[in-house]
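A look at the structure
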Amino acid sequence: MKYNKHFKIFTVFSFLRLKSPDLCWYQWIYPTIIFLFIFLLTHSKLSDCFSYDSKQLITDLNTFIGILVGFYIAALAAVSSFSNNNLDQIMKGRPPTITNFRNNETIIENLTRRRFLSILFGYCGTLSIFLYICGLLKIHFVVSENLSKESPIILSIFEFAFSALYIWSLSSLLIVTLLGLHYLIERMHRA
């Protein structure tokens, strides 16, 4: 565990480590269903039925995601500093838990609403920054003709994997944002 200090930058992905009977749907299942729908729609014979400009679509998404980065950081700051005793109580029902390792001990922590929302908006902020950078790379990087002629299979695999990761991350961002908004709208004000 002496290497834990080197993994601090991955704290932002703690949302994917949360455990709860219902949370798995929002972490993996719903984003994967949306991903499969979009991916099959854009990478199958169905894509012959409609046309779209992928670079313009990513440009427009990047504009929107650039705005979302600020929203997530503002939401994280608000949740962290908002003085409301309800936020500091353990979540009711079956609260999400997170497992941490400190001093060679495994600690399972039941989350308060504040901690849950902080983890959630930290994840969304990081994912939106990641998507923004990926969008910029997709828009501005062009593969040279020499490389596309020499390694078309490797290039196809890379583009396929990049597209899959981008679409799944976008799907995850959508679902987790909706979950976060649900908590801000509905659950935050109830004891």
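Residues numbered from 1 in each chain as written. Predicted model: local features only at pLDDT ≥ 70, side-chain atom pairs only at ≥ 80, totals over all residues. Heavy atoms only, no water.

As a further point, take the side chain of Ser20. Relative to the helices and strands, Ser20 is located in the segment before α1 (23–42). In contact with Ser20, other than residues within four places in its own chain, are Arg94 and Pro96. (Helix = DSSP H or I, 4+ residues; strand = E, 2+ residues; numbered from the N terminus. Contact = heavy atoms within 4.5 Å.)

Attention now moves to unusual backbone geometry. In this structure, Asn104 is a non-glycine residue whose phi angle is positive, near 60°. Along the chain, Asn104 turns up in the loop between β1 (97–102) and β2 (105–110).

Moving on: the pattern of salt bridges. With the rule as written, the count across this model stands at four salt bridges. One salt bridge connects Glu159 with Lys138, and the closest N-O pair in it is separated by 3.8 Å. Pair noted here: Glu159 is in helix α5 (residues 152–187) and Lys138 is in helix α3 (residues 113–140), with a separation of 21 residues, a long-range link. Under the relative-accessibility criterion, Glu159 is labelled partly exposed at 47%. (Salt bridge = Lys/Arg side-chain N within 4 Å of Asp/Glu carboxyl O. Buried < 20%, exposed > 50% of the residue type's maximum accessible area, 1.4 Å probe, protein only.)

Relative to β2, β1 runs antiparallel, the two sharing six bridges. Within β2, the residue paired with Thr99 across the bridge is Ile108. (Pairing = 2+ DSSP bridges.)

Formed by 34 residues in total, the largest nonpolar core has its most connected members in Phe15, Leu18, Phe116 and Leu120. Of all the elements, α3 adds the most residues to this core, at eleven residues. Contact partners of Leu120, with chain neighbours within four places excluded, come to Phe15, Val176, Leu179 and Gly180. (Core = buried A, V, L, I, M, F, W, Y, C linked by side-chain atoms within 4.5 Å.)

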